[in-house]
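# Observations on the model geometry
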Amino acid sequence: RGVYPELCRRAPCVLAMTIHFKTFALLTASLLFMLSIQPVFAFSDSRIEAYGIDTVAGSSTILKTKSTIPNQSVIFFVEKPGGGELFLDTETNDSGIANINLLDYHTRKAGLYTVSAKLANDDDFWKTNTFRVYPDEVSGSQSLISANTNTITANGVETASLTVSLSDRYGNPLGNHTAELIS
């Protein structure tokens, strides 16, 4: 009996506290619900940056992307020196990174290659990066020695000019090498 009159005097305050508590509980429950939902698109930016690792002609290399949306189909676009083009498809892993092996027969031409990538459902490839394929070792069967004349008289006056063109087994020229000729 003594509590009821006290409660009645405080009724507006108790009612207000009850409403605030219910509002707080509802907001808390909503926030917890939103936090428990797994983000479907943790990365809203689907632009992909791809790059390749430098290699030697006739050796395979790795093409990779920076992190993007996990478990999605990705298409790599490679432009070879001299105009050849190549499309390769793979999927991103659980971390959102795509890796693919560019096989040795695609890297026989030495020079600067460009690589870009996109998600399979995107319209455009985004950023282009480059990687270099260096010539392989000198090949005796692909290198050439040529002279400006076929014969000269051994009189100490006549001269001949020799040109040495060093190439690897795929015909890629090797520059900045010293060739020693022994007669």
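Everything below is about the structure shown above.
Residues numbered from 1 in each chain as written. Predicted model: local features only at pLDDT ≥ 70, side-chain atom pairs only at ≥ 80, totals over all residues. Heavy atoms only, no water.

### Quick notes on the side chain of serine 116
Following the sequence through the fold, serine 116 ends up in strand E7 (residues 111–119). Of the residues examined, serine 116 reaches a relative accessible area of 4% and is grouped as buried. Setting aside residues up to four positions removed in sequence, serine 116 forms contacts with Ala50, Ile75, Phe76, Phe77, Phe125, Lys127 and Thr128. (Helix = DSSP H or I, 4+ residues; strand = E, 2+ residues; numbered from the N terminus. Buried < 20%, exposed > 50% of the residue type's maximum accessible area, 1.4 Å probe, protein only. Contact = heavy atoms within 4.5 Å.)

### A look at the packing of aromatic side chains
The geometry of an aromatic ring pair is captured by two quantities: the separation of the ring centres and the angle between the planes. Scanning the model with the defined rule gives four aromatic pairs in all. Relative to phenylalanine 125, the ring of phenylalanine 77 lies with its centre 5.5 Å away and its plane at 35 degrees, an arrangement referred to as tilted. Pair noted here: phenylalanine 77 is in strand E4 (residues 73–79) and phenylalanine 125 is in the loop between E7 and strand E8 (129–134), with a separation of 48 residues, a long-range link. By relative accessible area, phenylalanine 125 is classed as partly exposed at 27%. With a centroid separation of 6.2 Å and an interplanar angle of 40 degrees, the aromatic rings of phenylalanine 87 and phenylalanine 125 are classed as tilted. In this pair, phenylalanine 87 is assigned in strand E5 (residues 85–91) and phenylalanine 125 in the loop between E7 and E8, connecting sequence segments 38 residues apart. Judged by relative accessible area, which is 51%, phenylalanine 87 ranks as exposed. An aromatic cluster is defined as three or more aromatic residues linked by ring pairs; in this entry it consists of Phe77, Phe87 and Phe125. Over the ring of phenylalanine 125 we find lysine 118; its NZ or CZ atom is 5.5 Å from the centre of that ring. (Phe/Tyr/Trp six-rings, centres within 6.5 Å; stacked < 30°, edge-to-face > 60°. Lys NZ or Arg CZ within 6 Å of the ring centre and 35° of its normal.)

### Thoughts on the pattern of salt bridges
The full count for this structure, using the stated rule, is three salt bridges. Put simply, glutamate 49 and lysine 66 hold a salt bridge, and the shortest N to O gap is 3.6 Å. In this pair, glutamate 49 sits in the loop between helix H2 (11–36) and strand E1 (50–52) while lysine 66 sits in the loop between strand E3 (61–65) and E4, placing the two residues 17 residues apart along the sequence. Since its relative accessible area comes to 17%, glutamate 49 is described here as buried. (Salt bridge = Lys/Arg side-chain N within 4 Å of Asp/Glu carboxyl O.)

### A look at the pairing of E7
In terms of burial, E7 is largely enclosed, as eight of its nine residues are buried. Pairing analysis gives six bridges linking E4 to E7, with the strands arranged antiparallel. By the bridge assignment, glutamate 79 is partnered in E7 with threonine 114. One ladder, built from five bridges, connects E7 with E8; its direction is antiparallel. If you follow tyrosine 113 over to E8, its bridge partner there is phenylalanine 131. (Pairing = 2+ DSSP bridges.)

### Focus: the sheet that holds E4
Reading across the sheet, the five strands line up as E2-E8-E7-E4-E5 and stay open at both edges, with mixed pairing between neighbours. Strands at the two margins of the open sheet, each flanked by one partner only, are strand E2 (55–56) and E5. With two bridges connecting them, E2 and E8 associate as parallel partners. From the neighbouring strand, threonine 55 faces E8, where its bridge partner is valine 133.

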